[in-house]
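Descriptive analysis of the structure
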Amino acid sequence: MAEKSMEVDMVNRDPNQINAHVKVAFEDVLAEADAVRSGDCVWRNSKKCFEGGKKICYLILTYLCGLPAALCWGCAFAELAFDQIWCVTPCFKYCEIRMVSVKRFIACYYDTCLGPHCSTLGLFFSKIVVKQG
């Protein structure tokens, strides 16, 4: 299997657009109606405070929690892969093999008990003729 490159794209950090819904701008959150307006200075500086606070808070949270969160998610997906590879898939294969005898038993039951009844009903209903008048 080919090894994926370990390089990280430092420009486009969401190439698959999985977090496109998180793009939040000042205008998406705060808006003043025409009837009520704050002063221009307040409005201009509130945008700067919003953007700056969002950036600083995000940076602090990522520095404090980003690496541990990435480690936890890496472990969670490793556990999921382990579970699928070593538990779930073998269990399904075990059940599939184990059910072969059950399948043969049910097929035998249908052939011996239900088969004659179905054949008889098929013959009975095949003799019915519908005429449109």
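Preceding this section is the structure that the text describes.
So, here is what we can say about the structure in this document. (Residues numbered from 1 in each chain as written. Predicted model: local features only at pLDDT ≥ 70, side-chain atom pairs only at ≥ 80, totals over all residues. Heavy atoms only, no water.)

1. Regarding a nonpolar patch on the surface
On the surface, Met99, Val102, Phe105, Ile106, Tyr109, Tyr110 and Leu114 cluster together into a nonpolar patch covering about 670 Å² of accessible area. Of note, leucine 114 is situated in helix 2 (residues 40–126). (Patch = residues over 30% accessible without salt bridge, like charges linked within 9 Å, V, L, I, M, F, W, Y side chains within 5 Å. Areas by Shrake-Rupley, 256 points an atom, 1.4 Å probe, with all protein chains shown as cover. Salt bridge = Lys/Arg side-chain N within 4 Å of Asp/Glu carboxyl O. Helix = DSSP H or I, 4+ residues; strand = E, 2+ residues; numbered from the N terminus.)

2. A look at the pattern of salt bridges
One pass over the full model with this rule turns up 4 salt bridges. The salt bridge partner of aspartate 34 is arginine 37, with a shortest N-O separation of 3.3 Å. Given the relative accessible area of 66%, aspartate 34 is considered exposed. Of the charged contacts, one joins glutamate 51 and lysine 54 as a salt bridge, the two residues approaching to 3.7 Å between their closest N and O atoms. Linking glutamate 51 with lysine 54, this pair stays in helix 2, spanning 3 residues, or about one helical turn. (Buried < 20%, exposed > 50% of the residue type's maximum accessible area, 1.4 Å probe, protein only.)

3. Considering helix 2
Spanning 87 residues, helix 2 covers only 87 Å between terminal C-alpha atoms, well under the ideal 129 Å at 1.5 Å per step. In the structure, helix 2 departs most strongly from a straight axis at leucine 114, where the bend amounts to approximately 50° and where the proline proline 116 lies between one and four residues downstream. (Expected span 1.5 Å × (residues − 1). Bend = angle between axes of the 7 residues up to and from the residue.)

4. Things to note about the side chain of aspartate 14
Assignment of secondary structure puts aspartate 14 in the segment before helix 1 (26–29). Those residues in contact with aspartate 14 that sit more than four places away from it in its chain are Asn19 and Ala20. (Contact = heavy atoms within 4.5 Å.)

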